[in-house]
Each structure stands twice: as C-alpha cells, then as structure tokens.
Amino acid sequence: MLRKKLTIFCYLTLIGLIYLIATGRSISISLYDVEAANDNKVLTREEIDADISQFLSNLRVLHPYVDNFVSTEQIERKSQQLKNEVCPDTCTIRDLKMITLKLIHFIGTDHLFVSGFKKSLPFELHKASQNEFKLLLDSGEILRNIKHLNGMPVEKVWFELEDLTPRLNANLEDSYISAHSKHFLPLLLDNNNIEVTTTSAKHTFLASKANSSSSVLMSENDDFLYVKISSMSKLDPQILFNEFNKLSKQHLVLDLRGNRGGSVAKTAKLFEFLTTKHGFKHISPHENRLIKLSKELTELNRSSSPFWFLASAFLECGFKDAYFYKEVKPKLSAICENVEARTRVTKIQTSPQIYIVIDGGTASSAAIFAGQMKRSGKARIFGTVAYGNALRNYGNSKLITLNYSQLVVGIPTTYTYRDTSADIWPTSQYHGVSPHTHCVKLACLAQIKDEISKASHIKAY
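These remarks concern the structure in this document. Just so it is clear, the model here is predicted, and its values are computed rather than measured.

### What to know about the overall build of the protein chain
From N to C terminus, the protein chain includes 15 helices and 22 strands. Taking all contacts inside the protein chain whose residues are at least 6 apart in sequence as the whole, residues at least 24 apart take part in 73%. For the protein chain, the exposed surface amounts to about 23,200 Å²; the carbon and sulfur share of it is 52%.

### Regarding the sheet that holds strand β5 (residues 123-129)
The strand order β5-β6-β7 describes an open sheet built from three strands, whose pairing is antiparallel. Of all strands in the sheet, those with a lone pairing partner are β5 and β7 (142-143), marking the two edges. One ladder, built from six bridges, connects β5 with strand β6 (residues 132-137); its direction is antiparallel. Counted as the bridge partner of His-126 is Lys-134 from β6. Against the sheet, helix α6 (residues 154-164) touches β5 and β6, its axis set at about 105° to β5.

### Here's the deal with the nonpolar core
With 53 residues, the main nonpolar core has Phe-55, Leu-135, Leu-149 and Leu-185 as its most contacted residues. Beyond its immediate stretch of four places on either side in the chain, Leu-135 contacts Phe-123, Glu-124, Leu-125, Glu-141, Ile-142, Leu-143, Ile-146, Val-196 and Phe-205. In this structure, Leu-225, Leu-235, Leu-240 and Phe-369 belong to the second largest nonpolar core, which totals 29 residues.

### Side note on the pattern of salt bridges
Taken as a whole, this structure holds 14 salt bridges when the rule is applied. As a salt-bridge pair, Asp-49 and Lys-83 come within 3.0 Å of each other at their nearest N and O atoms. Highlighted residues: Asp-49 in helix α3 (residues 45-62) and Lys-83 in helix α4 (residues 72-86), separated in sequence by 34 residues. Counted as one network, the salt bridges with shared partners bring together Glu-124, Asp-138, Lys-182 and Lys-441.

### Observations concerning the environment of Gln-74
For Gln-74, the position within the fold is in helix α4. You can call Gln-74 partly exposed: its relative accessible area is 34%. Distance in space between the C-alpha atoms of Gln-74 and Phe-106 is 9.5 Å, their sequence separation being 32 residues. A distance of 3.0 Å separates a polar side-chain atom of Gln-74 from the backbone nitrogen of Ser-71.

### Some points on the packing of aromatic side chains
Tallying each qualifying case throughout the model produces seven aromatic pairs. Considering the side-chain rings of Phe-123 and Phe-205, the 5.1 Å spacing of their centres and the 65° angle between planes classify their relative orientation as edge-to-face. Here Phe-123 is found in strand β5, whereas its partner Phe-205 is found in strand β11 (residues 202-206), with 82 residues between them in sequence. Residue Phe-205 is classed as buried on the basis of its relative accessible area, which comes to 12%. It is Lys-97 that lies over the ring of Phe-117; its NZ or CZ is 5.3 Å from the centre. Seen from the ring of Phe-113, Arg-260 lies directly overhead, with NZ or CZ sitting 5.1 Å from the centre.

### Quick word on the sheet that holds strand β8 (residues 146-149)
Across the sheet, which stays open at both edges, the four strands sit in the order β9-β8-β10-β11 with antiparallel pairing between neighbours. Because the sheet does not close on itself, it has two edges, and the strands there are β9 (152-153) and β11. Relative to strand β10 (residues 193-198), β8 runs antiparallel, the two sharing three bridges. Among the inter-strand pairings, Leu-149 is bridged to a residue of β10, identified as Val-196. Helix α7 (residues 174-189) rests against β8, β9 and β10 of the sheet, and its axis sits at about 95° to β10.

### With respect to the state of the cysteines
A complete count under the given rule lists one disulfide for this structure. Sulfur-sulfur distance for the disulfide between Cys-439 and Cys-444 comes to 2.2 Å. Across the S-S bond of Cys-439 and Cys-444 the torsion is about 115°, and the bridge reads as right-handed. The burial state of Cys-439 is the same as that of Cys-444; both residues are buried.

### Overview of unusual backbone geometry
At Ser-364, a residue that is not glycine, the phi angle is positive and equals roughly 55°. In this structure, Lys-441 is a non-glycine residue whose phi angle is positive, near 50°.

### A short note on empty space enclosed by the protein
Going through the model one piece at a time under the given rule, you end up with three cavities of 30 Å³ or more. Estimated volume of the largest cavity: approximately 70 Å³. Along its surface, the largest cavity is lined by Leu-225, Phe-244, Ser-248, Lys-249, His-251, Leu-252, Ile-348, Thr-350 and Pro-352. Of the residues in the lining of the largest cavity, the class split is five nonpolar, three polar and one charged.

### Some words on the side chain of Thr-165
If you trace the backbone, Thr-165 turns up in the loop between α6 and α7. In terms of polar contacts, Thr-165 uses its side chain to reach the backbone carbonyl oxygen of Leu-161, at 2.7 Å. Ignoring any residue separated from it by four or fewer positions in sequence, one finds Thr-165 in contact with His-105, Leu-172, Tyr-176, Ile-177, His-180 and Phe-184.

### A short note on the pairing of strand β13 (residues 216-220)
Both β13 and strand β14 (residues 225-229) contribute to a ladder of five bridges, which runs antiparallel. Note on β14: the bridge partner recorded for Leu-217 is Lys-228. Linkage of β13 to β14, two consecutive antiparallel strands, is achieved through a turn of four residues.

Conventions we followed
Residues numbered from 1 in each chain as written. Predicted model: local features only at pLDDT ≥ 70, side-chain atom pairs only at ≥ 80, totals over all residues. Heavy atoms only, no water. Helix = DSSP H or I, 4+ residues; strand = E, 2+ residues; numbered from the N terminus. Contact = heavy atoms within 4.5 Å. Areas by Shrake-Rupley, 256 points an atom, 1.4 Å probe, with all protein chains shown as cover. Pairing = 2+ DSSP bridges. Axes fitted to C-alpha atoms, helices over the stretch in contact; angles between N-to-C directions. Core = buried A, V, L, I, M, F, W, Y, C linked by side-chain atoms within 4.5 Å. Buried < 20%, exposed > 50% of the residue type's maximum accessible area, 1.4 Å probe, protein only. Salt bridge = Lys/Arg side-chain N within 4 Å of Asp/Glu carboxyl O. Polar contact = N/O pair within 3.5 Å; in protein donor to acceptor, adjacent residues only side chain to side chain. Phe/Tyr/Trp six-rings, centres within 6.5 Å; stacked < 30°, edge-to-face > 60°. Lys NZ or Arg CZ within 6 Å of the ring centre and 35° of its normal. Disulfide = S-S within 2.5 Å. 1 Å grid on protein atoms, 1.4 Å probe; cavity = no way out; pocket = protein on both sides within 12 Å on 5 of 7 lines; lining within 4 Å. Points joined across faces, edges and corners; volume = space filled by probe spheres on them. Nonpolar A, V, L, I, M, F, W, Y, C, P; charged D, E, K, R; others polar.

The structure is reproduced here in structure tokens:
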C-alpha cells in the first residue's frame, strides 16, 4: 500500500516538472528577502481597486461600530484620494500597504491593523523636542541630532510616519509613532538598509528578522524580580504565580513594553493575583463582576459556530443570563458551570511594591491592566504613554487575506466592554495610560533600580 502511494506521488511530481518545462517556467530556491520581493510585485490599478474594495466591504460588515469613528462616504473618498496620489496607474504591494496603513490611520479605531511586518530595526526614532530627533538603540546607546534618514530630512520622515501609525479617536501620541518606527521605517524608506546622518557622522543600520522571544522572561536580582511579558495570550498564569510565590521578592518589575495585549481572562487573573481583587473593576458594563472567559469560549469562531454571537454577548458566565445556555447549547452551559474552578487564582503571598513599564506599543488588555493597576494605587508606572484601547474595545480581530496582493489585514469584530475609569479616559478624547515617571528604553530600568535601592536603604534603617 505504501509502495503504491509513493509511486503515485512520483508520477505526479514528474507530471508537474514536465508542465513547468513545457510552459517555460522554472524552479528556483534562493535565500533572497522574500518579504522585499513580495513588496516589489506590481499590481494593476484594477487589482488595487479590487483589494481595497474587499478590505472596505469586510470592514463595513465585520466592524460593529465603524460609523462611530468616520462615515462610509468619508472612507470611500479618502481611499480614492490615496489611490490617485500613490499609484495613478500601476503600483506595488508596498504601495498598497502604504494606502491601507493610511486608511487605518484615517479611520482611527483599535484592533484594525496590517499583519506581516517581519522586519525590525535595532532602534526607535524619538522626537525629543520641536526641532530635535534622536535614535534610541536597542543596545542602550543614544544617537542625537539626527538630520537625515536615507537622505530624507528627519522632519519629513516623522511627518510621513504619522500618517502610517494607527491612532485612536483623533489622538496620536509621539510614543505611538516611536514604537511603530522600528517596523515602518523600512517600508516608508523602501529599503532595509537605513543610513542615518547626524550633525557630525553617518551610521548605517540593517533591518533584520524580528525576534520571536518567549512570552514571559524572568530574571532574579537581589532586591527585585524582573518579568518581561510580551503577550497576554501566551501567558501561563499558574506557572507565573508559582514563581512569584516561590521567589517571594519585595519588589516586582513588570515590563509590558511592546505587549499588544491578548487574553482578557488571563489578564484578569494576573490582576486578581496581584491585587486580591476580583477581576478588573469597571472593565464591564456589569460593574465588579469577574470576567470568566474560558478557553473554550474564546476558541469559538463566528464562521464555524452559529452560537458565536450569543457567546460573545455573554462573556461573563457568572451572571444569570448564562443560564440561557441550558436551553440554547448544553455544551456552553457546562463550560460556564465549570469556569469558576478553572479561573480560581492563588493569592500572592507577599505584598511587593510593583513597578510597571509601558510604551507606545502597550495595547489592549495590557494597557487596561496597567491603567487599572495605576488607578487602584497598586503600582508605579514608568515609560511613555501607552497605545491602549479605543473608546470601545473590540476583543477579537478577524484576519482577511486580500485576493490579489495576499496582504493580510485584521478587522475588529466583537464589542466586549468599555472601561470608563478616569485614568484611562481623562477627557472625552482618548489619551492613553500615562506613566507616573516618563522615561525611555534602559533609562526606565535604571530609574526603577534607583527607587528600589532607596526604598531598601530606608527600610534597613
């Protein structure tokens, strides 16, 4: 039987090779930059029109409240304007990325994004003042007095980056632009080699494949425990809680920079563990209820289950409406009945001073967690203004692959909750979670270490 299958496979392979030779095609295997090659693929104006129409039609269908941000007519006019400006005749996939990112910036809503940025630069571009720009290198070094990037004046680069960076409800913080500059600069400058000119020298940097680091990294110091959490979705709360309790430090540093959020349920568990409070206060229209969102519920997909809408409407299995599941779907009812045991959280055994580090890339549940920890007085916040969430949070994004370019866009699909705390929404416009102490890169950890050292010294006396 196995021999027969292998024979059929060989025949099919041979037929495929003959077809390629007969049609003049070739097979090549090389180590060139696949992402750059795709970006340079040329599309006709008709193909561009079709992909943008597909994006906008899915946006209208899937996004529950897109009209609250900008009208359909305004989006259509903006898309037409961008197409005429960027590629009046033919254009590349890179051009389509630029158009799509500018549309996302124009719409100004959370969880709407272009996926697939795999290249990252070893620095962030920061605007220090009105006329001064600097590079903050991953190594901790700082390059000041930046004048040009690949021959383009840095002021113009910053202005172009603003149009590519997602914003929230007419608000765009400099910290958002800085956090996105690592990935957007190679696209904007159409080059993975970035030549940076200062007033006295030139430096060249190469964009490389972004590191896929572990979701949680821990390092133990004499006076504190440092924990870097890069994703809430991949967090294993129980392992993390066990380590906390085992090491029993008096100071805890949680680094949430670049954390785009994820599982609300796991984030609520972390909040409960650190504060002994049940879930996020004010995170739901039903105040003070623990969010009991199980893994099974999050895995339900609207495309595969007719009950997805009902499941998303009752994310909190604890309140009485969940009994409706007994009549609608016994499986969901069983999940709700067992969720209390699965979400029970061991309490932290010490009462450490908690420090949280955020930046313009801290988003969604990670930003709400930082805001609630600040609001409750349980943590000191360091860094720059977090990206956060829009006035309404859309808890899930559906990935759509555009037909001609194969560009992948994420569109928010599910309204889950609105957090109304003054710390996260200080005015009618969203302005992000702000830190107690403003700092960037390694300077944040240095300042935290100084505070811990002073606190330990005072305690010793």
